[in-house]
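# Coordinates in review
So you can see what is in the structure, the chains are spelled out below.
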Amino acid sequence: MKHFQNEAYGYVKDMFTQHHMVKRVVLSFISIIVMGFGISLFSVSGFGVDPFTSMNMNIASTLHLGFGTYQLIVNAILLFYIIIVAHRGLVGLGTVFNMVGCGYVCEFFSKTITPFISEHFSLPLRILFLLAGIITLCFACSLFFTANVGVGPYDALGFMLSRGIHLPYKWIRVITDITVILIGLIISGGLTGLMNGNPSAVHNIGVGTIITAFCMGPLVNLFNKYVSAKIFNIDYEKISKDVAFFMIKGAMVKNTVPRQVPFSPTRLNKKANPYELLR
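## What about the state of the cysteines?
Taken as a whole and assessed by the stated rule, the structure comprises zero disulfides. No disulfide involves Cys102; its nearest neighbouring cysteine sulfur is the one of Cys106, lying 6.9 Å away. Under the relative-accessibility criterion, Cys102 is labelled buried at 5%. We note that Cys141 lacks a disulfide partner, and the nearest cysteine sulfur, in Cys138, lies 6.5 Å from it.

In structure tokens form, the structure reads like this:
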């Protein structure tokens, strides 16, 4: 019970040592709505979605569950693992928004947009939806990142695996993206369809999936620097370094900090050194 109390105090400390917390939380919430809309544009275009979403959509369809509900279940499982293993700095209100809202928002917009599209959905219109999805999703991810009130469960998992098997995060992300795509293909029967010469059995995977895997990073960085940093009125170069340290490096030292050292909320110190801040 005492450990749980200390962790709860720690979450409060991590959150409220940041400046403009209300603004960050509000914009983080808005970013999830925009993110869900962007993913829905990807989905409606028929060119595929990002790897993690493709797995969730394929498995949800196979199990006859709503995408939002299934994604919530998967994210909750990942979050449980992250809270136990990772440093609390990876988790915040933004994590909860991402876990609960993204799937349902995407599902809502997909169902809203689809009836307005004719059966003869032209290729140019599909490409337009794809491009709009890319821009919208990258902007939303940038806003969510710069708000810095927690990361998505899937992203946090990558950080922790990077620590566990001692590989750079970028390579871990490639491995996890390929893995979730294969899981979705296998469970949905898409892989069997491909092996039998029936590519139509593959759903939610396409050129859009490739684009998100290889091009989203640079595009998100552009939005970070020229849009989100101005919205939050921050020094982009500084916040990038701080976030990288807090989320990646900070998460790695949780188990090296002595648990017997008690934490008191009255000792809140914004200028604390990294060891104390991460306690």
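Read on, since the account is not over.
## Brief notes about the packing of aromatic side chains
Per the counting criterion, the structure on display carries five aromatic pairs. Seen in terms of ring centroids, Phe108 and Phe109 are 5.3 Å apart; in terms of plane orientation they differ by 65°. Their pairing is edge-to-face. Joined through ring pairs, the aromatic side chains of Phe37, Phe108 and Phe109 make up one cluster. Across the ring face of Phe47, the terminal group of Arg126 is positioned such that the distance to the ring centre comes to 4.2 Å.

## Let's talk about helix 4 (residues 67–85)
Relative to the 27 Å expected for 19 residues at 1.5 Å per residue, helix 4 spans 27 Å between its end C-alpha atoms, a close match to the ideal helical length. Regarding helix 4, the residues found buried are Phe67, Gly68, Tyr70, Gln71, Val74, Asn75, Leu78, Leu79 and Ile82. Lining the buried residues of helix 4 we find helix 3 (51–63), helix 5 (93–113) and helix 7 (153–165).

## Here's the deal with the nonpolar core
Nonpolar side chains in soluble globular proteins tend to end up buried together. Within the largest apolar cluster, 27 residues are counted, with the highest numbers of intra-cluster contacts made by Met35, Ile39 and Leu137. Of all the secondary structure elements, the ones that give two or more residues to this core are helix 2 (21–45), helix 5, helix 6 (123–147) and helix 10 (207–232). For this core, the element with the highest residue contribution is helix 6, accounting for nine residues. Residues in contact with Leu137, not counting those within four places in the same chain, are Met35, Gly38, Ile39, Phe42 and Met216. Counting ten residues, the second-largest nonpolar core is a separate cluster that includes Met55, Ile59, Ala60 and Val180.

Here is what the cut-offs are and how they apply
- Residues numbered from 1 in each chain as written.
- Predicted model: local features only at pLDDT ≥ 70, side-chain atom pairs only at ≥ 80, totals over all residues.
- Heavy atoms only, no water.
- Disulfide = S-S within 2.5 Å.
- Buried < 20%, exposed > 50% of the residue type's maximum accessible area, 1.4 Å probe, protein only.
- Phe/Tyr/Trp six-rings, centres within 6.5 Å; stacked < 30°, edge-to-face > 60°.
- Lys NZ or Arg CZ within 6 Å of the ring centre and 35° of its normal.
- Helix = DSSP H or I, 4+ residues; strand = E, 2+ residues; numbered from the N terminus.
- Expected span 1.5 Å × (residues − 1).
- Contact = heavy atoms within 4.5 Å.
- Core = buried A, V, L, I, M, F, W, Y, C linked by side-chain atoms within 4.5 Å.

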